[in-house]
Amino acid sequence: MRAVVVTPREAGSGRLAEVPDPQPQQGEVLVRVREVGLDGTDIEILEGQYGEAPPGEDYLIIGHESLGQVQKLTDGAEGLSPGDWVVAIVRRPDPVPCRNCAADEWDMCLNGQYTERGIKGRHGFLAEFYVEAPKFLVRVPEELSPFAVLLEPLAIVEKAVEQIKRIQSRMVWQPQRAMVLGAGTIGLLAAMLLRLENVEVHIYNRSENKIKRDLTESTGANYICAKERPLGHELEREIGPVDIIVEATGFSPLAFDAMDMIGPNGIVCLTGVSGGSRTLQIAADHLNLEMVLMNKVVFGTVNANRRHFETGVRHLREIEARWPGVLSRMITHRYPIERFAEALQRPSRDIKRVVRVASPGPQEPGRE
Ligand code: BGC
Ligand code: ZN
């Protein structure tokens, strides 16, 4: 089959290659890939900064934001039917396993020996087919399929919001106002989840961008262009105290501005992966004092487990019902697999770029 592969740690090695068809073992499912979304992690892998091939192999099939259809079930693969739309979970528990992985909370792995499909030690989904166990496949209703490729990034946001709520259960908490830094896929989806709960949301984005502004405003959130207003106490005086800040740019200095700006009892959630080695001078005493005197929290979050994908399915439906079309509008480009390289240019003004892998073929999905 055809797949987009890289030689890990070798910049510019991305290529469309012919690789062996995956063979489902007993209890596994063969999935025909329809679409794969691309993000900053994929770009880093293409640039040779990240990524690890499966043990004993010299290439990695990339792609972790998947959407496919069940092609074939083997004996013992329960809970799915041929033709079902599915999204695969990205991370796999470590083999030890640590106590979190043992409890299926692989997103909280303690020893770092987890693997991630398309990223770390396991092939990904940007290929014609992949094989997976039902435990790591999440069924998606057909009517959500036009935008269900967004489920994986949404699951990241589901985990972030769940963690915010769990941490804030340390007190009586009724958040009024949130600020989301960055109007990319994660930022926009975070804004949507918070808007579903009627929190006032301000999206703070580096530049003016019509489609991002329109999407923000469609959900009743407010778009703030960073060029006009620096993040800080002046902005806070203008909009009022902020209870939640979700950092979704990966531009690390903003994390410290957010710690300064967040209001009393507030929480800063960091989701951006910052690959560089930037250093910064900070007002350490001031930050420390305010963190203490105002009970502030800052935490980081990565990845997602099965329950986050499942709540994500529910929320895809709710978002579509409340603001019809916003999810589809987030997918700004679709490329055929032959043009995968164009989809992996450094993000500019796009939101989500997706690679289409196969159009419905003559072959009917079936059970073996
Ligand atoms: C993926 C996560 C993954 C993280 C770190 C992100 O792009 O969406 O599933 O855990 O990269 O590898
Ligand atoms: Zn673990």
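Everything quoted here is computed from the prediction, not taken from an experiment.

### Concerning the overall build of the chain
When its secondary structure is counted, the chain shows 11 helices and 20 strands. Relative to the compact-globule value of 21 Å for 368 residues, the chain shows a C-alpha radius of gyration of 21 Å, a close match. Projecting the C-alpha coordinates of the chain onto the three principal axes gives extents of approximately 65 × 40 × 40 Å. Of all intrachain contacts in the chain linking residues separated by at least 6 positions in sequence, the fraction that spans at least 24 positions is 71%. Here the chain has roughly 16300 Å² of accessible surface; of this, 49% comes from carbon and sulfur atoms.

### Thoughts on helix α7 (residues 253-261)
For α7, the complete set of buried residues consists of P253, L254, A255, A258, M259 and M261. Contacts from the buried residues of α7 go to β12 (177-181), α6 (233-239), β15 (244-247), β16 (267-270), α8 (284-293) and β17 (297-300).

### Section: the site of ligand 1
Taken together, D39, T41, Y50, H64, V90, R91, E116, I119, E152, I156, V302 and N303 make up all the residues around ligand 1. In this structure, an oxygen atom belonging to ligand 1 sits 2.6 Å away from a side-chain N or O atom of T41. Protein chains shield 90% of the accessible area of ligand 1, which is 310 Å² for the free molecule. Considered class by class, the residues forming the shell around ligand 1 number 5 nonpolar, 3 polar and 4 charged.

### Notes on the pattern of salt bridges
In total, this model carries 25 salt bridges according to the counting rule given. Across the pair R307 and E162 runs a salt bridge whose closest N-O atoms are separated by 2.6 Å. On the criterion of sequence distance, the pair formed by R307 in helix α9 (residues 306-322) and E162 in helix α3 (residues 151-168) is long-range, its members being 145 residues apart. Residue E162 is classed as buried on the basis of its relative accessible area, which comes to 16%. Linking E217 and R213 is a salt bridge whose minimum nitrogen-to-oxygen distance equals 3.0 Å. Residue E217 and its partner R213 are located together in helix α5 (residues 210-218), separated by 4 residues, close to a single helical turn. A single network of salt bridges, built from pairs that share partners, joins E105, E162, R166 and R307.

### Describing helix α4 (residues 185-196)
Over its 12 residues, α4 extends 17 Å from the first C-alpha to the last, a length consistent with the 16 Å expected when each residue adds 1.5 Å. Most of α4 sits out of view: 11 of its 12 residues are buried. Among the residues of α4, T185, G187, L188, L189, A190, A191, M192, L193, L194, R195 and L196 are the ones counted as buried. Where α4 terminates, the next one or two residues include N198, which has phi positive at roughly 60°.

### Looking at the sheet that holds strand β4 (residues 60-61)
Strand order in the open sheet formed by 3 strands is β2-β1-β4, with antiparallel pairing between adjacent strands. In this open sheet, the two edge strands, each paired with only one partner strand, are β2 (15-18) and β4. Pairing geometry for strand β1 (residues 2-6) and β4, over 2 bridges, is antiparallel. Its bridge partner being in β4, V6 is matched across the sheet by L60.

### Some words on the coordination of the zinc ion (ligand 2)
For the zinc ion (ligand 2), the full set of protein donor atoms is D94 (OD), C98 (SG), C101 (SG) and C109 (SG), and the range of their distances to it is 1.9 to 2.4 Å. Classification of the site at the zinc ion (ligand 2) as tetrahedral follows from its 4 donor atoms and the range of 99 to 122° in their angles at the metal. Mapped onto the sequence, the residues coordinating the zinc ion (ligand 2) show the spacing D-x3-C-x2-C-x7-C.

### Some remarks on the domain arrangement of the chain
The domain boundaries assigned to the chain delineate domain 1 (2-151 + 330-367) and domain 2 (172-294). Each of domain 1 and domain 2 has a C-alpha centre, and these two points are 30 Å apart. In this complex, domain 1 contributes 9 residues to the contact, which on the side of domain 2 involves 13 residues. Taken together, the two surfaces of domain 1 and domain 2 that pack against each other cover about 840 Å², and 60% of this comes from carbon and sulfur. When the buried surface of domain 1 facing domain 2 is broken down by residue, M330, R349 and I351 rank first, second and third, together holding 65% of it. Its residues assigned to classes, the side of domain 1 that touches domain 2 comprises 3 nonpolar, 2 polar and 4 charged.

### Focus: the packing of α3 against α9
Running from N to C, α3 and α9 point in directions that differ by 105°, and their axes come no closer than 8 Å. Here α9 runs roughly perpendicular to α3, going by the angle between their axes. Mapping the contact onto sequence places L151, E152, L154, A155, E158, K159, E162 and R166 in α3 and R307, H308, F309, T311, G312, V313, H315 and L316 in α9. Here the residues of the contact of α3 with α9 are counted per class, giving 6 nonpolar, 4 polar and 6 charged.

### Remarks on the packing of aromatic side chains
For the coordinates displayed, the defined rule picks out 2 aromatic pairs. Centre to centre, the rings of W106 and F136 are 5.3 Å apart; their planes meet at 55°, and the pair counts as tilted. A residue pair is termed long-range when its members are at least 10 positions apart, and W106 in the loop between α2 (99-102) and β8 (115-117) and F136 in the loop between β10 (129-132) and β11 (137-140) qualify at 30 residues. Judged by relative accessible area, W106 falls into the buried class, the value being 1%. Stacked on the ring of Y114, the Lys or Arg R91 has its end atom at 3.5 Å from the ring centre. Over the face of the ring belonging to F136 we find R92, whose NZ or CZ atom lies 4.0 Å from the ring centre.

Conventions used here
Residues numbered from 1 in each chain as written. Chains lettered and ligands numbered in written order. Predicted model: local features only at pLDDT ≥ 70, side-chain atom pairs only at ≥ 80, totals over all residues. Heavy atoms only, no water. Helix = DSSP H or I, 4+ residues; strand = E, 2+ residues; numbered from the N terminus. Rg over C-alpha atoms; globule rule 2.2 N^0.38 Å. Contact = heavy atoms within 4.5 Å. Areas by Shrake-Rupley, 256 points an atom, 1.4 Å probe, with all protein chains shown as cover. Buried < 20%, exposed > 50% of the residue type's maximum accessible area, 1.4 Å probe, protein only. Near = heavy atom within 4 Å. Polar contact = N/O pair within 3.5 Å; in protein donor to acceptor, adjacent residues only side chain to side chain. Nonpolar A, V, L, I, M, F, W, Y, C, P; charged D, E, K, R; others polar. Salt bridge = Lys/Arg side-chain N within 4 Å of Asp/Glu carboxyl O. Expected span 1.5 Å × (residues − 1). Pairing = 2+ DSSP bridges. Donors = N, O, S within 2.8 Å, 3.2 Å for Na, K, Ca; no water. Tetrahedral: all angles 85-135°; square planar, octahedral: opposite > 155°, others 65-115°. Domains from an automatic or database assignment. Buried area = accessible area lost by both parts, 1.4 Å probe. Axes fitted to C-alpha atoms, helices over the stretch in contact; angles between N-to-C directions. Parallel < 35°, antiparallel > 145°, perpendicular 65-115°, else oblique. Phe/Tyr/Trp six-rings, centres within 6.5 Å; stacked < 30°, edge-to-face > 60°. Lys NZ or Arg CZ within 6 Å of the ring centre and 35° of its normal.

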